[in-house]
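Okay, here's what each chain looks like letter by letter:
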Amino acid sequence: MPQDVPWHGKTVHTGIYKQTVSGPRTVRRLNIDGDGQGDLGGHGGEQRAVLVYQLDSYRFWADQLGRDDLEPGNFGENFTVDGLPDDEVCIGDRYRIGSALFEVTQPRVTCYRVGLRMGEPRMAALLVSHRRPGFYLRVIEEGEVEAGQEIVKVSSGPEAMTVEEIDGVLYLPGHTRAQVERALRIPALSPGWQGSMRTLLEQADAAPGTSSGSAGLTAAAGAPPPAWTGFRPLVVTDIRPESRSVFSVFLASADGAALPPALPGQFLTVRVRREGGAPPLIRSYSLSGEPGTGVYRISVKVEPHGVASNHLRTHLRVGDSLDVAAPRGTFRLTEGGTPVVLLSAGVGVTPVLAMLHALARGRSGRQVWWLHVARNGAEHPFAQEVHDLVASLADARSHVYYSRPGAADREGSDYTEAGRLSADRILGLGLPADADAYVCGPAPFMESASAALVRAGLEASRVHGEIFNAGPSLTPGISGAAAARAPHQPPGPPAPGLPSRSPAAASPSPGTTAGTRSWNWPRRATYRSSGRAAPVCATPANSP
């Protein structure tokens, strides 16, 4: 069942945390008994009653991310299957498991919660760019399911459009009009995805010859490959405080060789090992130092309830080893001669600081605007470092805003103005309309600052952002949806022989705690289609 999870100082209500289950479970039109969704606008409902993910994808991500801690349910799925790959399963295919009948309705649409669960903020984009989204099932006939039962394909969907193909049509560039029209001929495709496909046709009619896809996910698909796979140990060579709540960690190769250069704006994923047999923590931190020096610098903000950040501050020492994945990320400085606006709030300064380093190192003649918001001088990391970098550039200016200046903070010296960086202040700066802007900070700041930059004359396509906080619930794949009706039981009685859905089953009794039920299913089953047999496993574990 859904639970409240602390994340970056906020509370996220989510059902993505799963455990395996044992014994038979009743599958109903909206979900599995004992199951629940935290975000009813973006997950659940008749079209997304059951989420499926494959063991083969688990093996893929274990290799790609260097993870040895992945277990069924980690991606928020209800059924973990050995087989049914996204490049073979088609929209409209029907499968029988136990006494229940299912129909494939759409690819999984990922939001930030899967990144929260996996400790990998870019996971949503990675699932799409690597063509491994998983898929949702609609319950055609209610019934009971249990691990170890056969998964039998009973019919094929029209148009033979695979989950992988239709996911790429919506989110990646290069789709054709014929593909979109094929998708719209599939009756089983969920209404949300049908609406998105119609929008693609409308966009094509308005601008013939274009084929965009999702900007953020397209960028991820075109990102350069990482310098190494999985994790490798790097040595901590220095640890420095940057402000009251931010510290930096310097990392180098154990053999003294230069580390592969990172692009300004990219991040590192680290695996934090803990004592006492506790599972490791996976976190991502932006590279904040000068690119191309042969060493890496990451900067960590210590959150009051941040398990990883507090563990690093308390236990990490110079000379220690830290497991690190290669630099990744699509939020990065692009080359060119246009003006650059680097706009950040709080610890969101880290990736844009790496960009500023790159501009200074290259003795760039581009016009540079440095805009930063901090609470006060004690919470203003890298203040002197930024001052020196801005001063080294031929055409740069800096505007720093303290929302609550301290008694020792000096206006005109430590900061430019008191108060927040409002839309009116951004409009009053006279920013060049042909600038490329890079914005990083909490979600509300990102939203308001990006909108103000567009109002100031910048093209929306040249405003690039990276969120350093929990964002609002995302529901991609549902075009132009207003406040959606919460998932509700479809009309008609339950399947014969199944117990009615009672209020007590939908919510915990007074005095009890709603939590994820732990069931343990046997793993093996058989998938039968066109005379061939392949191993399949079905493991339900509450839906996202």
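See the structure printed just above.
Reference entry: report on the structure contained in this document. (Residues numbered from 1 in each chain as written. Predicted model: local features only at pLDDT ≥ 70, side-chain atom pairs only at ≥ 80, totals over all residues. Heavy atoms only, no water.)

Moving on, we get to the nonpolar core. Judged by nonpolar contacts, the single largest core of 38 residues is most densely connected at Val50, Phe79, Phe102 and Met197. If you list the elements that add at least two residues to this core, you get strand 4 (50-54), strand 5 (79-81), strand 6 (94-97), strand 7 (100-107), strand 8 (135-141), helix 4 (163-171), helix 5 (177-184) and helix 6 (191-206). Here this core gets 5 residues from one element, more than from any other, and that element is helix 4. Look past the residues within four positions of Phe102 in its chain and what remains in contact with it is Val27, Val50, Phe79, Asp93, Arg94, Tyr95, Ile97, Leu137, Arg138, Val139, Ile140 and Val145. Core analysis: the next-biggest nonpolar cluster, separate from the first, contains 24 residues, Val236, Leu268, Val272 and Ala326 among them. (Core = buried A, V, L, I, M, F, W, Y, C linked by side-chain atoms within 4.5 Å. Buried < 20%, exposed > 50% of the residue type's maximum accessible area, 1.4 Å probe, protein only. Helix = DSSP H or I, 4+ residues; strand = E, 2+ residues; numbered from the N terminus. Contact = heavy atoms within 4.5 Å.)

This brings us to the sheet that holds strand 13 (residues 267-272). Pairing is antiparallel across the open sheet formed by 6 strands, whose spatial order is 14-13-16-11-12-15. Because the sheet does not close on itself, it has two edges, and the strands there are strand 14 (281-286) and strand 15 (296-301). Averaged over all pairs of adjacent strands, the angle between their axes in this sheet comes to 40°, without regard to strand direction. Note that strand 13 and strand 14 share 6 bridges and pair antiparallel. Residue pairing across strands places Leu268 opposite Tyr285, the latter belonging to strand 14. (Pairing = 2+ DSSP bridges. Axes fitted to C-alpha atoms, helices over the stretch in contact; angles between N-to-C directions.)

Following the criterion strictly, the structure yields 23 salt bridges and no others. One salt bridge connects Glu103 with Arg138, and the closest N-O pair in it is separated by 2.7 Å. Taken together, the residues Glu103 in strand 7 and Arg138 in strand 8 connect sequence positions 35 residues apart. Of the two residues, Glu103 and Arg138, neither departs from the other in class, the shared state being buried. The salt bridge involving Arg177 is made with Glu181; its shortest N-O contact spans 3.1 Å. Remark: Glu181 and Arg177 occur in helix 5; sequence separation between them is 4 residues, near one turn of the helix. Residue classification places Arg177 among the partly exposed positions, given a relative accessible area of 40%. Through salt bridges with shared partners, a single ionic network connects Arg29, Glu46, Arg94, Glu103 and Arg138. (Salt bridge = Lys/Arg side-chain N within 4 Å of Asp/Glu carboxyl O.)

Of all 6 residues making up strand 15, 5 are buried, and the element is well covered by its neighbours. Summarising the sheet, strand 12 (residues 246-253) and strand 15 pair through 6 bridges and their orientation is antiparallel. Residue Ser248 lies in a different strand from strand 15, and its bridge partner there is Ser299.

For the rest of this paragraph, the subject is the packing of aromatic side chains. Applying the stated criterion across every chain yields a total of 8 aromatic pairs. Ring centres of Phe331 and Tyr438 lie 6.2 Å apart, and the angle between their planes is 70°; this geometry places the pair in the edge-to-face category. Of this pair, Phe331 sits in the loop between strand 16 (321-325) and strand 17 (340-345) while Tyr438 sits in strand 21 (residues 436-441); the two residues are 107 residues apart in sequence, bridging distant segments of the chain. A relative accessible area of 5% means that Phe331 is categorised as buried. Aromatic rings pair up to connect Tyr53, Tyr58 and Phe75 into one cluster. Between the NZ or CZ atom of Arg232 and the centre of the ring of Trp228, over which it lies, the distance is 4.8 Å. The ring of Trp369 has Arg397 sitting right over it, with the charged end atom 4.9 Å from the ring centre. (Phe/Tyr/Trp six-rings, centres within 6.5 Å; stacked < 30°, edge-to-face > 60°. Lys NZ or Arg CZ within 6 Å of the ring centre and 35° of its normal.)

Within strand 13, 6 of the 6 residues are buried, leaving the element largely enclosed by the surrounding structure. Taken together, the 2 bridges between strand 13 and strand 16 define a ladder with antiparallel strand orientation. Considered in strand 16, the bridge of Arg271 is made with Asp323.

Glancing now at unusual backbone geometry. Most peptide bonds take the trans form, and the phi angle of most residues other than glycine is negative. Not every positive phi belongs to a glycine, and Glu159 is a case in point at roughly 75°. Relative to the helices and strands, Glu159 is located in the loop between strand 10 (151-155) and helix 4. What makes Glu159 partly exposed here is its relative accessible area of 30%. In this model, Arg363 sits at a positive phi of 50°, which is unusual for a non-glycine residue. Within the secondary structure, Arg363 is located in the loop between helix 9 (349-361) and strand 18 (368-374).

Looking now at helix 5. Regarding helix 5, the residues found buried are Gln179, Val180, Arg182 and Ala183. For helix 5, the arc enclosing every buried residue in end-on projection is 160°, short of the 170-degree limit, so these residues lie on one face. (Arc of directions from axis to C-beta.)

Moving on, we get to the packing of helix 9 against helix 10 (residues 383-392). Helix 10 packs onto helix 9 with a crossing angle of 35° between their chain directions and a minimal axis gap of 9 Å. For the crossing formed where helix 9 meets helix 10, the hand is left-handed. Residues Leu353, Leu356, His357 and Ala360 of helix 9 touch helix 10, and the partners they reach there are Glu385, Val386, Leu389, Val390 and Ser392. Here the residues of the contact of helix 9 with helix 10 sort into 6 nonpolar, 2 polar and 1 charged. (Left-handed = near helix turned anticlockwise from the far one by under 90°. Nonpolar A, V, L, I, M, F, W, Y, C, P; charged D, E, K, R; others polar.)

Structurally, Arg361 is set in helix 9. For Arg361, a relative accessible area of 46% gives the class partly exposed. The spatial distance from the C-alpha of Arg361 to the C-alpha of Leu389 is 9.0 Å, given a sequence separation of 28 residues. Not counting residues within four places of it along the chain, the set of residues in contact with Arg361 comprises Glu290, Pro291, Gly292 and Thr293. Here Glu290 takes part through its side chain, which lies 3.2 Å from a polar atom of the side chain of Arg361. (Polar contact = N/O pair within 3.5 Å; in protein donor to acceptor, adjacent residues only side chain to side chain.)

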